[in-house]
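Next come the chains, spelled out residue by residue.
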Amino acid sequence: MNILLLGSGGRESAFAWKISQSIHCKNLFIAPGNAGTGAYGKNVNLSITDFAAIKAFCLKQSINMVLVGPEEPLVKGIHDFFLADELLKTIPVIGPQQTGAQLEGSKDFSKQFMIRHQIPTAAFKSFTKETLADGLVYLESQRLPIVLKADGLAAGKGVLICETLEDAKTELVAMLQDAKFGEASSMVVIEEFLKGIELSVFVVTDGTSYKILPEAKDYKRIGEGDTGLNTGGMGSVSPVPFADEAFMKKVEDRVIIPTIEGLKADGIPYKGFIFIGLMNDGGDPYVIEYNVRMGDPETESVIPRIESDFVELLLGVANGNLSEKQLIISTKIAATIMLVAGGYPGEYLKGRGISGIENVRDSLVFHAGTELDNNVVKSSGGRVIAITSLKDDLFDALQTATADAGRIYYDGRYFRYDIGLDLYNYQKEIS
Ligand SMILES: Nc1ncnc2c1ncn2[C@@H]1O[C@H](COP(=O)(O)OP(=O)(O)O)[C@@H](O)[C@H]1O
Ligand SMILES: [Mg+2]
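All values derive from a computational prediction rather than experimental measurement.

## A closer look at the packing of aromatic side chains
Here is step 1: The final tally for this structure, using the stated rule, is 14 aromatic pairs.
Here is step 2: Between Phe29 and Phe57 the ring centres are 5.1 Å apart and the planes differ by 85°, which places this aromatic pair in the edge-to-face class. Taken as a pair, Phe29 in strand E2 (residues 27-32) and Phe57 in helix H2 (residues 51-60) lie far apart in primary sequence, 28 residues in all. Of the two residues, Phe29 and Phe57, both sit in the buried class.
Here is step 3: When the centroid spacing of 5.4 Å and the interplanar angle of 50° are considered together, the rings of Phe51 and Phe81 count as tilted. Pair noted here: Phe51 is in helix H2 and Phe81 is in helix H4 (residues 78-83), with a separation of 30 residues, a long-range link.
Here is step 4: Among the residues examined, Phe51 registers a relative accessible area of 12% and is labelled buried.
Here is step 5: Looking at Phe81, the relative accessible area reads 26%, which means it is partly exposed.
Here is step 6: Three or more aromatic residues joined by ring pairs make a cluster, and in this case those are Phe15, Phe273 and Phe310.

Right, here's the structure in full:
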């Protein structure tokens, strides 16, 4: 098969690495890719939202499958675009159509979906500019802290957790009246604050059946001990020790099955990944959000634990016979550490030469924000390289990934030394 993968981050590097090992893969193209993805296929200079250019490329290269990494093309309707085109409609796209992508593209849509299908989630109410006054009154009746979410895509910046009523009111006005997050905050979801520990659960579905991929925990804050500003993710670990069999059974019964059945009941076709952001509150799962693609950096921990052929799985999604496919998951522990740029997540350094990748001993190297400049690997994004170590033991995985992260150098390089230590301590406590 000729496969086109859209995206350029660490997630796409992990996908590309895995797809290139498939017996089904003849040619892999990554658009636009990064300085690392060229090792698994051919980078193509295409914009992931330029559907006309993607069409021309697919026809020219006889593409047999398109895997969409990030949410933006899905929310903008790339799958619908393929289905509506006489020449493209037989090329399967992995990722939902626009209606399904609303699970991520609109927080209000996803909350209504969860309520409709009795999926456990925080209580909420949505407001617009027209109902701002009602929203301010509603805030007064709520417990603190309270969560304000821009309805639309806001690049991971549209959620505010307000500790005081005054702060919540100020922010609600800023979002609705002053368009703090642009069009994305023309509607705001106000929701109850959930306590507990977060984890990410991943499901792949052909719209009829589903398979549960390895779960993961990610580390969002820039600083050690989960302090400082939010980032796109500083690391991840899979599996998650507290996601034991009993908990995962609850997740499947209360969240996954109602989600798949809910999509069917609502007449929403869905072929692709569902990323369920969960809060574990005393052993009970609550959905924080849905994403309609895999997570980053979770994918860098999840994919290396999949032992079976990944393209075979994607073929099951495309052809609607996912239930016949095998998914073999390794019992090993994957630990991923993200190397980021100096200054990130604020203004950060770019264009710095990266050295030492060849010194990595025992980990997978997944490029993220890197580019080739005259054959020199340079940093180009905030999250630069993900290092994943796969070991029998959590401590060993964490230590190996940390040591290998230290072997890579560039001006301003930063990474966290404490990824996964909370899970290690938890494991020690329960054993
Ligand atoms: N109801 C909630 N209670 C507690 N924390 C929340 C709640 N909703 C979101 N959060 C926190 O905010 C983060 C971002 O919210 P999320 O809904 O995942 O939005 P996005 O990923 O689109 O920015 C979550 O990972 C979680 O840490
Ligand atoms: Mg999130």
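## Here's the deal with the pattern of salt bridges
Here is step 1: What the rule picks out here adds up to 27 salt bridges.
Here is step 2: In this structure, Glu191 and Lys149 form a salt bridge, with 3.2 Å as the shortest nitrogen-oxygen distance. With Glu191 in strand E9 (residues 187-192) and Lys149 in strand E7 (residues 146-150), this pair connects stretches of sequence that are 42 residues apart.
Here is step 3: What makes Glu191 buried here is its relative accessible area of 4%.
Here is step 4: Linking Asp226 and Arg416 is a salt bridge whose minimum nitrogen-to-oxygen distance equals 3.2 Å. Linking Asp226 in the loop between strand E13 (221-223) and strand E14 (227-230) with Arg416 in the loop between helix H12 (394-406) and helix H13 (421-430), this pair joins segments that are 190 residues apart in sequence.
Here is step 5: For Arg416, a relative accessible area of 1% corresponds to the buried category.
Here is step 6: Here the salt bridges share partners, and the residues they tie into one network are Glu71, Glu104 and Arg293.

## Some points on the sheet that holds strand E15 (residues 235-238)
The strands making up a sheet associate through backbone hydrogen bonding, with each pair oriented either parallel or antiparallel.
Here is step 1: The five strands are arranged E12-E15-E18-E22-E19 in an open sheet whose pairing can be described as antiparallel. Only two strands of the sheet have a single partner each, and these edge strands are strand E12 (217-218) and strand E19 (364-367).

## Some points on the nonpolar core
Here is step 1: By size, the foremost hydrophobic cluster in this structure holds 110 residues, and its most contacted members are Leu4, Val66, Phe273, Ile276 and Phe310.
Here is step 2: Of all hydrophobic cores here, the second largest spans 17 residues; its members include Ile146, Cys162, Leu172 and Ile190.

## Examining the side chain of Lys325
Here is step 1: Structurally, Lys325 is set in the loop between helix H11 (310-319) and strand E18 (333-340).
Here is step 2: Residue Lys325 is classed as buried on the basis of its relative accessible area, which comes to 16%.
Here is step 3: Discounting residues that sit within four places of it in the chain, Lys325 has contacts with Lys211, Glu312, Leu313 and Gly316.

## Quick look at the side chain of Lys391
Here is step 1: Relative to the helices and strands, Lys391 is located in strand E22 (residues 383-391).
Here is step 2: A polar contact is formed between the side chain of Lys391 and the side chain of Asp362, at a distance of 2.4 Å.
Here is step 3: Not counting the four nearest positions on each side in its chain, Lys391 is found in contact with Lys332, Ile333, Asp362, Asp396, Ala397 and Thr400.

## Section: the site of ligand 1
Here is step 1: Within the structure, ligand 1 sits among 15 residues, and Lys107, Lys149, Glu191, Leu194 and Glu198 are positioned closest to it.
Here is step 2: Against a free-state accessible area of 540 Å², the protein chains account for coverage of 80% of ligand 1.
Here is step 3: Of all the secondary-structure elements, those providing two or more residues to the shell around ligand 1 are E7, strand E8 (159-162), E9 and strand E17 (284-291).
Here is step 4: Considered class by class, the residues forming the shell around ligand 1 number eight nonpolar, one polar and six charged.

## Examining helix H8 (residues 165-176)
Here is step 1: Over its 12 residues, H8 extends 16 Å from the first C-alpha to the last, a length consistent with the 16 Å expected when each residue adds 1.5 Å.
Here is step 2: Every buried residue of H8 is accounted for by Ala168, Glu171, Leu172, Ala174, Met175 and Leu176.
Here is step 3: On its buried face, H8 is in contact with strand E6 (124-128), helix H7 (132-140), E7, E8 and E9.

## A look at helix H9 (residues 245-265)
Here is step 1: In this model H9 runs 28 Å from its N-terminal to its C-terminal C-alpha over 21 residues, within 8% of the 30 Å that 1.5 Å per residue would give.
Here is step 2: The largest bend along H9 measures about 40° and falls at Glu252.
Here is step 3: Here the buried face of H9 lies against helix H5 (98-105), helix H6 (107-116), strand E10 (197-205), strand E11 (210-212), strand E16 (272-281) and E17.
Here is step 4: Directly after H9, the chain includes Gly267, whose backbone phi takes a positive value near 70°.

## Considerations on unusual backbone geometry
Here is step 1: Cis geometry is found at the peptide bond from Leu144 to Pro145, where omega equals -10°.
Here is step 2: Along the chain, Pro145 falls in the loop between H7 and E7.
Here is step 3: Omega for the peptide link from Asp296 to Pro297 comes to 20°, which places this bond in the cis form.
Here is step 4: For Pro297, the position within the fold is in the loop between E17 and helix H10 (298-302).
Here is step 5: The backbone phi angle of Asn374 is positive, close to 50°, even though this residue is not glycine.

## Topic: the sheet that holds E7
Here is step 1: With respect to topology, four strands assemble into an open sheet ordered E6-E9-E7-E8, the strand pairing being antiparallel. Of all strands in the sheet, those with a lone pairing partner are E6 and E8, marking the two edges. Each adjacent strand pair in this sheet contributes to an overall mean axis angle of 20°, direction not counted.
Here is step 2: Judged from the four bridges that link them, E7 and E8 form a sheet pairing that is antiparallel. Across the sheet, residue Val147 finds its bridge partner in E8, namely Ile161.
Here is step 3: Packed onto the sheet, H7 meets E6, E7 and E9 and runs at close to 150° relative to E6.

Rules and cut-offs
Residues numbered from 1 in each chain as written. Chains lettered and ligands numbered in written order. Predicted model: local features only at pLDDT ≥ 70, side-chain atom pairs only at ≥ 80, totals over all residues. Heavy atoms only, no water. Phe/Tyr/Trp six-rings, centres within 6.5 Å; stacked < 30°, edge-to-face > 60°. Helix = DSSP H or I, 4+ residues; strand = E, 2+ residues; numbered from the N terminus. Buried < 20%, exposed > 50% of the residue type's maximum accessible area, 1.4 Å probe, protein only. Salt bridge = Lys/Arg side-chain N within 4 Å of Asp/Glu carboxyl O. Pairing = 2+ DSSP bridges. Core = buried A, V, L, I, M, F, W, Y, C linked by side-chain atoms within 4.5 Å. Contact = heavy atoms within 4.5 Å. Polar contact = N/O pair within 3.5 Å; in protein donor to acceptor, adjacent residues only side chain to side chain. Near = heavy atom within 4 Å. Areas by Shrake-Rupley, 256 points an atom, 1.4 Å probe, with all protein chains shown as cover. Nonpolar A, V, L, I, M, F, W, Y, C, P; charged D, E, K, R; others polar. Expected span 1.5 Å × (residues − 1). Bend = angle between axes of the 7 residues up to and from the residue. Axes fitted to C-alpha atoms, helices over the stretch in contact; angles between N-to-C directions.

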